[in-house]
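Overview (structure and organization)
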Amino acid sequence: MQKVVFPYLTQEGTLHIQAIQWPETCACCNGPEANTRYTVEHQAEYQTVDANQVSYYPLSWHVPYCPDCYRHASRTPLITVGIFLAAGAIWVGIGYGLFLMGQAEEVIGIALFLLSLAVLGFIGYRLRVPVLDRLAPTRPSCGTRDYAVEVSSSAVEQQVTITFHNDDYARAFVALNQP
């Protein structure tokens, strides 16, 4: 993982930052077939004129991805949420079952209910990777299962930080954006 920092200035409510260029390879696997664009949106922080408030300036870039990496990156959050929603539904079912058995207010019922939460959370956590491997497979060269570019900013330091999960892509990005 590599971070690249871009300083910025704010004048009269306008944010001034270097024009950022993206290599035409996939941001995740660094493959050549990057014909899909993912829009990275970020609200850059800046201090207002009175310096007592922080305001936000919208930034967005179209980051190139190959179709395979775009697919696994876009599916990962949905699959993860689905797994934990299913576990939550089972947990509610367990609670309802305990209620029907008259154990909802008993110590043993409460203990079983809480224990089932821990067990279901652990099972959901352990199932996440195999399910993602099957439904949203990655390549060995992929930097991450999620989107490979993250953006953050700081009003105090007046900088935007772009974090890359693929070091080869980050090096190409740095070479393309040298001042």
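Read on for a plain summary of the structure. (Residues numbered from 1 in each chain as written. Predicted model: local features only at pLDDT ≥ 70, side-chain atom pairs only at ≥ 80, totals over all residues. Heavy atoms only, no water.)

**Here we look at the overall build of the protein chain**
For clarity, the threshold we go by: Secondary structure elements follow DSSP: runs of H or I no shorter than four residues count as helices, runs of E no shorter than two count as strands, and numbering proceeds from the N terminus. The globule rule is 2.2 Å times the number of residues to the power 0.38, and the radius of gyration it is compared with is taken over C-alpha atoms. Relative accessible area decides the class of each residue, using a 1.4 Å probe on protein chains only: under 20% of the type maximum gives buried, over 50% gives exposed, and in between gives partly exposed.
A count of helices and strands for the protein chain gives 3 helices and 6 strands. For 179 residues, the compact-globule estimate of 2.2 N^0.38 gives 16 Å, and the protein chain exceeds it by more than 25% at 22 Å. By its C-alpha atoms, the protein chain is 70 × 45 × 20 Å across when sized along the principal axes. Looking at the protein chain as a whole, 34% of its 179 residues qualify as buried.

**Regarding the packing of helix α1 (residues 67–100) against helix α2 (residues 107–135)**
The criterion, for reference: Angular values range over 0 to 180 degrees, each being the angle between N-to-C directions of two axes fitted as lines to C-alpha atoms, with helices fitted over their stretch in contact. In this scheme, roughly parallel covers angles under 35 degrees and roughly antiparallel covers those over 145, while 65 to 115 is roughly perpendicular and the rest are oblique. By definition, turning the near helix anticlockwise from the far helix through less than a right angle yields a left-handed crossing, and turning it clockwise yields a right-handed one. Only Asp, Glu, Lys and Arg are considered charged, only Ala, Val, Leu, Ile, Met, Phe, Trp, Tyr, Cys and Pro nonpolar, and every remaining residue, Gly among them, polar.
Between α1 and α2, the least distance of the axes is 9 Å, while the angle of their chain directions is 155 degrees. Taken together, the axes of α1 and α2 lie roughly antiparallel to each other. Seen from above, α1 lies across α2 with right-handed handedness. Of the residues in the contact of α1 with α2, the class split is 17 nonpolar, 7 polar and 2 charged.

**Side note on the sheet that holds strand β6 (residues 159–164)**
Using the following cut-off: In this scheme, strands are said to pair when DSSP sees at least two bridges between them.
An order of β2-β1-β6-β5 is seen for the 4 strands of this open sheet, with the pairing classed as antiparallel. Of all strands in the sheet, those with a lone pairing partner are β2 (14–17) and β5 (149–154), marking the two edges. Taking the axes of each pair of neighbouring strands and ignoring which way they run, one obtains an average angle of 30 degrees across the sheet. Alignment of strand β1 (residues 2–11) against β2, held across 4 bridges, turns out to be antiparallel.

**Some details on the state of the cysteines**
Filter applied, for reference: Two cysteine sulfurs form a disulfide in these notes if their separation is within 2.5 Å.
In the structure shown here, the tally under the stated rule is 0 disulfides. Free cysteine cysteine 69: the closest other cysteine sulfur is in cysteine 66, separated by 3.5 Å. By relative accessible area, which is 0% here, cysteine 69 ends up buried. Free of any disulfide, cysteine 142 has its nearest cysteine sulfur in cysteine 69, 3.5 Å distant.

**Considering the pairing of β5**
For β5 and β6, the ladder comprises 6 bridges, and the chain directions are antiparallel. Bridge pairing links serine 153 to valine 160 in β6. Remark: 4 residues form the turn of the hairpin made by β5 and β6, two consecutive strands paired antiparallel; glutamine 158 in that turn has positive phi of roughly 45 degrees.

**Some details on helix α3 (residues 167–176)**
Put simply, the test is: Of all possible arcs, the one meant is that of the directions from the helix axis to the C-beta atoms. Only heavy atoms enter the contact rule, under which two residues are in contact if any of them lie within 4.5 Å. Counting of polar contacts relies on pairs of N or O atoms within 3.5 Å, with two restrictions inside protein: one atom must be capable of donating a hydrogen and the other of accepting it, and residues adjacent in sequence are counted only when both atoms are side-chain atoms.
Within the span of α3, buried status applies to Tyr169, Ala170 and Phe173. Seen end-on, α3 carries its buried residues on one side only, within an arc spanning 100 degrees. The secondary structure elements touched by the buried residues of α3 are β1, β4 (54–65) and β6. With a side-chain oxygen positioned 3.0 Å from the backbone nitrogen of aspartate 168, the residue opening α3 is asparagine 166.

**Notes on a nonpolar patch on the surface**
Condition: Every patch collects residues that have over 30% relative accessible area and no salt bridge, joining them within 9 Å if they carry like charges and within 5 Å if they are nonpolar side chains (Val, Leu, Ile, Met, Phe, Trp, Tyr). For accessible areas, the Shrake-Rupley method is used with a probe of radius 1.4 Å. Any residue's cover is judged against the shown protein chains and nothing else. When a carboxyl oxygen of Asp or Glu is within 4 Å of a side-chain nitrogen of Lys or Arg, the pair counts as a salt bridge.
Nonpolar side chains collect at one region of the surface, where Ile108, Leu112, Leu115, Val119, Phe122, Ile123 and Leu127 lie side by side and expose about 650 Å² of accessible area between them. When you line up the elements, valine 119 lands in helix α2.

**Notes on the nonpolar core**
Operational definition: Put simply, buried Ala, Val, Leu, Ile, Met, Phe, Trp, Tyr and Cys residues joined by side-chain atoms within 4.5 Å make one nonpolar core.
In terms of nonpolar packing, the biggest core is built from 32 residues, with Trp22, Tyr65, Ile162 and Phe164 touching the most fellow members. At the level of secondary structure, the elements contributing two or more residues to this core comprise β1, β3 (36–47), β4, α1, β5, β6 and α3. Ranked by residues supplied to this core, first place goes to β4 with 4 residues. Residue contacts for tryptophan 22: discarding those within four places in its chain leaves Trp61, His62, Val63, Pro64, Val149, Ile162, Phe164, Tyr169, Phe173 and Leu176.

**Overview of the packing of aromatic side chains**
Spelled out, the test is: Two rings from Phe, Tyr or Trp (for Trp, the six-membered ring) form a pair when their centres are within 6.5 Å of each other. A pair whose planes differ by under 30 degrees is stacked, one over 60 is edge-to-face, and the rest are tilted.
Counted according to the given criterion, the structure contains 13 aromatic pairs. Arranged with centres 6.2 Å apart and planes meeting at 85 degrees, the rings of tyrosine 38 and tyrosine 65 form a pair that is edge-to-face. With tyrosine 38 in strand β3 and tyrosine 65 in strand β4, this pair connects stretches of sequence that are 27 residues apart. The partly exposed category is assigned to tyrosine 38, whose relative accessible area is 25%. Ring geometry for tyrosine 38 and tyrosine 147: centres 3.7 Å apart, planes at 10 degrees, overall stacked. On the criterion of sequence distance, the pair formed by tyrosine 38 in strand β3 and tyrosine 147 in the loop between α2 and β5 is long-range, its members being 109 residues apart. Three or more aromatic residues link up through ring pairs in this structure, and these residues are Phe6, Trp22, Trp61, Phe164, Tyr169 and Phe173.

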